[in-house]
Amino acid sequence: MKIKKVLTLTLSLLLTASMIGCSPAKGDDKEDTKAASKEDKVITVGATANPHAEILEEAKPLLKEKGYDLNIKVFNDYVLPNTALDEGSLDANFFQHIPYLEETVKEKGYKLTYTSKVHLEPMGFYSEKLKDIKDIADGSTIAVPNDPTNGARALKLLADNGVIKVKDAELITKNDITENPKNIKIKEMNAEQLPTVLKDVDGAVINTNYALNADLNPLKDALAIESKDSPYSNILACREDNKDSEKIKALSDVLNSKEVKAFIEEKYQGSIIPSFE
């Protein structure tokens with residue numbers, strides 16, 4: 001009996017020790033909760049430098065009033081921000097328009113969506129060799145973005161200005177040019193590289209954010225520009241699983257606030273247009 005009691009006591013002590021070893025300390029619980037709570041008050045957003053990061057900087061104090069800190073990660077291309085958002089290292093991104101997001105989702109299978117339209121960046125045709133888009137000579141080379149949506153926008157801008165004629169469709173490529181009386185050569189490139197090749201081509205159709213980065217003013221320097229009724233509003237993109245989160249709602253509200261609207265109108269003087277009332 002004595003041996004049985006000793007064995008029972010020993011087993012009981014071992015089980016107790018095991019349970020204590022497996023249970024997290026109460027202090028650790030509190031620290032983990034505190035860390036998680038603090039992390040939830042930080043909104044990490046990927047953006048291209050101009051104008052998106054500038055607009056987000058303007059939003060920082062407004063978000064602070066709502067209890068959130070804004071962490072802005074600047075990207076120099078149009079691919080990585082959606083990849084990072086899908087993988088979860090970003091809460092949202094702000095650099096693209098709706099057709100570009102839709103094309104990316106279709107191609108990559110990402111579970112991404114958007115909450116609010118913020119502004120429109122009209123694309124422009126720029127040249128260091130021409131004074132007027134009508135002066136484009138036979139055999140000229142024009143550079144355009146190589147992604148489907150912005151490439152289509154560029155070709156439509158050239159068509160709207162009588163340089164070429166294109167197929168009537170949403171997404172078009174240079175293969176959809178139906179008339180090319182001046183035998184224009186279309187050079188497709190990454191959008192961020194277009195300002196750097198202006199000296200090597202006869203002209204380029206450039207997104208406003210990259211034009212601004214290169215000190216090109218769309219209203220003064222562009223020889224042709226998209227009309228203000230363009231459907232390509234830039235948006236705040238997020239994942240489907242965090243679209244209804246409090247932090248995304250707060251950021252959406254701020255980006256559609258009267259303060260941000262006034263900033264866009266004053267800062268960019270019409271080269272960028274608010275997409276909300």
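Residues numbered from 1 in each chain as written. Predicted model: local features only at pLDDT ≥ 70, side-chain atom pairs only at ≥ 80, totals over all residues. Heavy atoms only, no water.

A few words now on the overall build of the chain. Along the backbone of the chain there are ten helices and 13 strands. Within the chain, the fraction of its 277 residues that count as buried is 45%. Summarising the internal contacts of the chain: among those between residues at least 6 apart in sequence, 75% fall at separations of at least 24. In the form shown here, the chain has an accessible surface area of approximately 15,100 Å², with 51% of it arising from carbon and sulfur atoms. (Helix = DSSP H or I, 4+ residues; strand = E, 2+ residues; numbered from the N terminus. Buried < 20%, exposed > 50% of the residue type's maximum accessible area, 1.4 Å probe, protein only. Contact = heavy atoms within 4.5 Å. Areas by Shrake-Rupley, 256 points an atom, 1.4 Å probe, with all protein chains shown as cover.)

This part takes up helix H4 (residues 80-87). Along H4, the positions that sit buried rather than exposed are Pro81, Asn82, Thr83, Ala84 and Leu85. On its buried side, H4 packs onto strand S2 (69-75), strand S3 (92-94), helix H5 (98-108), strand S4 (112-120) and strand S12 (233-239). Within two residues after H4, glycine 88 carries a phi angle of roughly 100°, on the positive side.

Enumeration according to the criterion identifies seven salt bridges in this entry. Across the pair aspartate 69 and lysine 64 runs a salt bridge whose closest N-O atoms are separated by 2.4 Å. For aspartate 69, a relative accessible area of 36% corresponds to the partly exposed category. (Salt bridge = Lys/Arg side-chain N within 4 Å of Asp/Glu carboxyl O.)

Here we come to empty space enclosed by the protein. On inspection of all chains with the given rule, the structure shows one cavity of 30 Å³ or more. For the largest cavity, the calculated volume is near 100 Å³. Tyr78, Phe95, His97, Asn207 and Asn234 are, among the 13 residues lining the largest cavity, the residues nearest its centre. When contributions to the lining of the largest cavity are tallied by element, the ones reaching two or more residues are helix H6 (148-160) and helix H7 (208-213). Per-class residue counts for the lining of the largest cavity are three nonpolar, eight polar and two charged. (1 Å grid on protein atoms, 1.4 Å probe; cavity = no way out; pocket = protein on both sides within 12 Å on 5 of 7 lines; lining within 4 Å. Points joined across faces, edges and corners; volume = space filled by probe spheres on them. Nonpolar A, V, L, I, M, F, W, Y, C, P; charged D, E, K, R; others polar.)

Within the open sheet, the six strands sit side by side as S2-S1-S3-S12-S4-S13. Their pairing is mixed. Strands at the two margins of the open sheet, each flanked by one partner only, are S2 and strand S13 (273-274). Bridging between strand S1 (residues 42-48) and S2 involves seven bridges; their strand directions are parallel. Considered in S2, the bridge of alanine 47 is made with valine 74. (Pairing = 2+ DSSP bridges.)

Here we come to the confidence of the model for the chain. When pLDDT is averaged across the chain, the result is 89; 86% of the residues are at 70 or more. Contacts from residues 1-26, a stretch scored under 50 in pLDDT, to residues over four places away or in other chains number one contact. Predicted confidence is poor over residues 32-36, with pLDDT under 50, and the contacts of this stretch with residues over four places away or in other chains come to zero contacts. (pLDDT = per-residue confidence, 0-100.)

Right, let's get into the nonpolar core. For soluble globular proteins, the rule of thumb is that nonpolar side chains tend to be buried together. Counting residues in hydrophobic clusters, the biggest one holds 29 residues, and the most contacted among them are Val45, Ile55, Leu56, Leu63, Leu251, Leu255 and Ile264. If you list the elements that add at least two residues to this core, you get S1, helix H3 (49-65), S2, S3, S12, helix H9 (246-255) and helix H10 (258-268). With six residues, H3 is the largest single contributor of residues to this core. Excluding its chain neighbours within four sequence positions, the residues that come into contact with leucine 255 are Ile55, Leu56, Ala59, Val118, Leu236, Val260 and Phe276. (Core = buried A, V, L, I, M, F, W, Y, C linked by side-chain atoms within 4.5 Å.)

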